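For reference, the chains in residue letters:
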Amino acid sequence: MHRPLAILSGPAARAALTSGQARLLAGGPLVFAQVQTDAGLAPAALLPPHHPLIAARAPWAGFDLSRPIIMGIVNVTPDSFSDGGDHDSTEAAIAHGRRLRAEGADILDVGGESTRPGAAPVPVAVEIARVVPVIRALAAEGAVISIDTRHAAVMKAAAVAGARIINDVTALTGDPDSAEVAAATGLPVVLMHIQGEPQTMQDAPRYHDVTAEVFDWLAARIAAAVAAGIGRERIAIDPGIGFGKDLTHNIDLLSRTGVLHGLGCPILIGVSRKRFIAGLSRGEAPRDRVAGSIAAALYTLGQGAHILRVHDVAATVQAVAVWQALQSA
């Protein structure tokens with residue numbers, strides 16, 4: 001496992017590249033001058049050009065990953081941790097999706113089952129009834145829709161309705177048919193790490209080295225997906241902040257986000273309004289965690305993350321625009 005360090009941008013990055021002291025991070029625009037390995041620190045220039053920390057990422061789901069991609073959350077649920085019940089009717093969810101697109105969302109992530117800590121499973125038929133009309137309507141208007149589900153039947157129904165991405169919090173382990181169905185759809189997939197089940201995942205989660213274990217688990221899931229017929233170019237990964245992790249685990253993962261480039265796939269980060277933000281601050285309610293959400297998201301962009309999954313699209317789009325301008329100055 002290799003961790004990119006001395007990450008640079010703007011004129012400093014260009015100078016370091018020109019001098020041969022740095023390498024592009026996952027194809028750029030950021031560069032890194034050092035790498036931490038089990039043996040210690042080494043110059044990034046010693047890595048071979050095909051190393052996954054360096055190799056450029058191909059477009060994913062039709063998106064050029066040279067800029068941050070914003071995925072807006074559309075929860076068609078009565079019990080999601082932050083906005084449960086706000087958009088649980090078809091009409092309200094469609095209106096919310098339209099609003100997020102207008103605010104700058106590149107992708108709309110539509111979900112019909114809450115996977116918050118302690119959430120109870122939802123019957124597949126209910127989940128399909130919640131999401132399909134929303135997907136069909138928004139896809140007909142040109143929106144790029146991802147379906148947030150761990151159930152193969154929902155993946156299939158969503159794909160038929162017009163979804164163009166599958167986002168599975170269990171990395172295709174939650175349903176024995178999900179890998180086969182995801183492969184058959186031909187859609188890009190997001191494989192997320194989770195320890196345990198939503199009902200119990202926050203009951204004293206344990207790791208020896210959380211980032212190393214998440215890395216290895218995701219590497220195994222990528223291999224399984226490829227073996228099932230899902231092309232590697234279709235795969236993005238998500239470390240699963242808050243899914244079977246306590247405060248210290250989340251901090252470790254976020255602080256070492258750059259390690260995940262070693263998997264060779266685009267990195268999606270979902271920190272929006274999550275509990276660890278309140279744990280680091282003053283115990284704020286989910287809706288009052290926007291500033292902390294943006295702070296964490298920008299920190300991961302500074303390590304080359306590609307996709308941000310967020311509730312607060314307008315605020316995130318504004319923050320990313322300022323961050324990008326300052327990074328390139």
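These notes cover the structure that comes with them. Owing to the predicted nature of the structure, the values given are computational and were not obtained by experimental measurement.

## Comments concerning the overall build of the chain
Secondary structure assignment for the chain yields 10 helices and 12 strands. Its C-alpha atoms give the chain a radius of gyration of 19 Å, within 12% of the compact-globule value 20 Å for 329 residues. Overall, the chain is about 55 × 40 × 40 Å in size when its C-alpha atoms are taken along their principal axes. A total of 329 residues make up the chain; the buried ones form 52% of that total. When contacts within the chain are restricted to residue pairs at least 6 apart in sequence, those whose partners lie at least 24 apart make up 68%. Looking at the chain as shown, the accessible area adds up to about 13,200 Å², and 56% of this sits on carbon and sulfur atoms.

## Focus on the nonpolar core
Within the largest apolar cluster, 64 residues are counted, with the highest numbers of intra-cluster contacts made by Ile 135, Ile 235 and Ile 237. When residues in this core are grouped by element, the largest group, six residues, is from helix H6 (residues 210–227). In contact with Ile 135, other than residues within four places in its own chain, are Val 110, Ile 145, Ile 147, Ala 158, Ala 161, Gly 162 and Ala 163. Counting 12 residues, the second-largest nonpolar core is a separate cluster that includes Trp 60, Ile 165, Ala 236 and Leu 268.

## Brief notes about the sheet that holds strand E6 (residues 107–111)
An order of E10-E9-E8-E7-E6-E5-E12-E11 is seen for the eight strands of this open sheet, with the pairing classed as parallel. This sheet does not close on itself; its edge strands, each paired only once, are strand E10 (235–238) and strand E11 (268–269). By the bridge criterion, four bridges tie strand E9 (residues 189–192) to E10 in an arrangement that is parallel. Across the sheet, the residue bridging to Val 189 is Ile 235, located in E10.

## Digging into the packing of helix H9 (residues 290–301) against helix H10 (residues 313–328)
Orientation of H9 relative to H10, taken along the N-to-C sense of each, is 40 degrees, at an axis distance of 10 Å. On the basis of their axis angle, the class for H9 and H10 is oblique. Of the two possible hands of crossing, H9 and H10 adopt the one that is right-handed. Facing H9, whose interface residues are Val 290, Ile 294, Leu 298 and Leu 301, H10 presents Ala 315, Thr 316, Ala 319, Val 320 and Trp 323.

## Looking at the pairing of strand E3 (residues 31–37)
Strand direction decides the pairing type here: strand E1 (residues 3–8) and E3, joined by five bridges, are antiparallel. Bridge pairing links Leu 5 to Gln 34 in E3. Bridging between strand E2 (residues 23–24) and E3 involves two bridges; their strand directions are antiparallel. The residue bridging Arg 23 from the neighbouring strand is Phe 32, located in E3.

## Thoughts on the pattern of salt bridges
Summed over all chains, the structure comprises eight salt bridges. Salt-bridge contacts for Arg 98 lead to Glu 141; the nearest nitrogen and oxygen are separated by 2.5 Å. Here the residue Arg 98 occupies a position in helix H2 (residues 90–103), and Glu 141 occupies one in the loop between helix H3 (124–140) and strand E7 (145–148), the gap between them amounting to 43 residues. Using a relative accessible area of 36% as the deciding quantity, one classes Glu 141 as partly exposed.

## Some words on the side chain of Ser 293
Along the chain, Ser 293 falls in helix H9. Here Ser 293 is in contact with Val 271, Ser 272, Arg 273 and Ile 277, once residues within four sequence places are set aside.

## Let's talk about the environment of Ile 166
Structurally, the position occupied by Ile 166 is in strand E8 (residues 165–168). Look at Ile 166 and you get buried, because its relative accessible area is 0%. Here the alpha-carbon distance between Ile 166 and Pro 188, two residues 22 residues apart in the chain, equals 6.3 Å. When residues no more than four places from it in sequence are discounted, the contact partners of Ile 166 are Ile 147, Met 155, Ala 182, Thr 185, Leu 187, Pro 188, Val 189 and Val 190.

## Some details on the pairing of E8
Of the two faces of E8, the one lined by Ile 165 and Asn 167 and the one lined by Ile 166 and Asp 168 are each fully buried. Bridge analysis of E7 against E8 gives three bridges, and the strand direction is parallel. In the sheet register, Ile 147 faces E8, and the bridge partner there is Ile 166. You can see the chain leave E7, run along helix H4 (residues 152–161) and come back into E8, and the turn it takes is right-handed. Pairing analysis gives three bridges linking E8 to E9, with the strands arranged parallel. Its bridge partner being in E9, Ile 166 is matched across the sheet by Val 189.

How each quantity is defined
- Residues numbered from 1 in each chain as written.
- Predicted model: local features only at pLDDT ≥ 70, side-chain atom pairs only at ≥ 80, totals over all residues.
- Heavy atoms only, no water.
- Helix = DSSP H or I, 4+ residues; strand = E, 2+ residues; numbered from the N terminus.
- Rg over C-alpha atoms; globule rule 2.2 N^0.38 Å.
- Buried < 20%, exposed > 50% of the residue type's maximum accessible area, 1.4 Å probe, protein only.
- Contact = heavy atoms within 4.5 Å.
- Areas by Shrake-Rupley, 256 points an atom, 1.4 Å probe, with all protein chains shown as cover.
- Core = buried A, V, L, I, M, F, W, Y, C linked by side-chain atoms within 4.5 Å.
- Pairing = 2+ DSSP bridges.
- Axes fitted to C-alpha atoms, helices over the stretch in contact; angles between N-to-C directions.
- Parallel < 35°, antiparallel > 145°, perpendicular 65-115°, else oblique.
- Left-handed = near helix turned anticlockwise from the far one by under 90°.
- Salt bridge = Lys/Arg side-chain N within 4 Å of Asp/Glu carboxyl O.
- Right-handed = clockwise from strand over helix to strand, strands pointing away.

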